[in-house]
Amino acid sequence: MAEFFRKKKKVCPICSGKTIDYKNPEILRKYINEKGKILPRRVTGACSKHQRYIAQQIKRARMIALLPFSR
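These figures come from a predicted structure and were not determined experimentally. Residue positions are given per chain, counted from 1 along the sequence in the order it is written. A pLDDT threshold of at least 70 governs which residues receive local features in this predicted model, and a stricter bar of 80 or more applies before side-chain atom pairs are shown or counted, although totals over entire chains, interfaces and linings include all residues. As a rule here, side-chain values come from all non-hydrogen atoms in the structure, and water together with hydrogens is ignored.

Trainee: Could you give an account of the side chain of Q57, with specific residues and numbers?
Mentor: Counting from the N terminus, the helices are the DSSP runs of H or I reaching at least four residues and the strands are the DSSP runs of E reaching at least two. In this fold, Q57 is placed in helix α3 (residues 48-63). Partly exposed describes any residue whose relative accessible area lies between the buried limit of under 20% and the exposed limit of over 50%, with all areas from a 1.4 Å probe on protein chains only and scaled to the type maximum. Residue class for Q57 comes out buried when judged on its relative accessible area of 2%. Pairs of N or O atoms within 3.5 Å make up the polar contacts considered here, provided that, within protein, one atom can donate a hydrogen while the other can accept it, and that residues adjacent in sequence are counted only when both atoms are side-chain atoms. Among the polar contacts made by the side chain of Q57, one reaches the main-chain amide nitrogen of Y22 at a distance of 3.0 Å. Non-local contacts of Q57, meaning those with residues more than four positions away in its chain, are made with I20, D21, Y22 and L28. Every residue pair with non-hydrogen atoms within 4.5 Å of one another is taken to be in contact.

Trainee: I'd love a proper account of the nonpolar core, names of residues and values included.
Mentor: Nonpolar cores are built from buried Ala, Val, Leu, Ile, Met, Phe, Trp, Tyr and Cys residues. Side-chain atoms within 4.5 Å join them into one set. C12, I14, I20, L28, Y31, I32, A46, I54, I58, A61 and L67 form the largest nonpolar core, which has 11 residues in total. Per-element accounting of this core gives the leading share, three residues, to α3. When near neighbours in sequence (up to four residues on either side) are disregarded, I14 contacts I20, H50, Y53 and I54.

Trainee: Explain the pattern of salt bridges residue by residue, including any values.
Mentor: Salt bridges, as used here, are contacts in which a Lys or Arg side-chain nitrogen is within 4 Å of a carboxyl oxygen on Asp or Glu. All chains considered together, the criterion is met by one salt bridge. K23 serves as the salt-bridge partner of D21, at 3.9 Å between the closest nitrogen and oxygen.

Trainee: Tell me about the environment of L66, and please be specific about residues and values.
Mentor: On the secondary structure map, L66 appears in the segment after α3. The exposure class of L66 is partly exposed, given its relative accessible area of 31%. Sequence-wise, L66 and L28 are 38 residues apart; in three dimensions their C-alpha atoms are separated by 9.8 Å. Those residues in contact with L66, other than ones at most four positions away along the chain, are Y22, K23, P25, R29 and A61.

Trainee: Describe a nonpolar patch on the surface, with residues and values.
Mentor: Side chains of M63, I64, L66 and F69 sit close together on the surface and give an oily, nonpolar patch of about 430 Å² of accessible area. Inspection of the secondary structure assignment puts I64 in the segment after α3. Residues with no salt bridge and a relative accessible area higher than 30% make up the patches, which join like charges within 9 Å and nonpolar side chains (Val, Leu, Ile, Met, Phe, Trp, Tyr) within 5 Å. Accessible surface is estimated by sampling points in the Shrake-Rupley manner with a 1.4 Å probe; for residues, cover comes only from the protein chains shown.

These figures come from the coordinates and say nothing about function on their own.
The following block contains the structure:
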């Protein structure tokens, strides 16, 4: 008999208390892929408000050369 499993709902990392800042590129690298593109919400698990915040922080880090625009 087939059992059905429900996917566990992703919780936004920022809503749960994690801080993200453009000055810390090690944390921001988790939100970009190997080509340097920003990962979408369905992959990061962030809410829409905080996904926009993550994108803004990545773009700020790129402008001051902490993250690459592309690899």
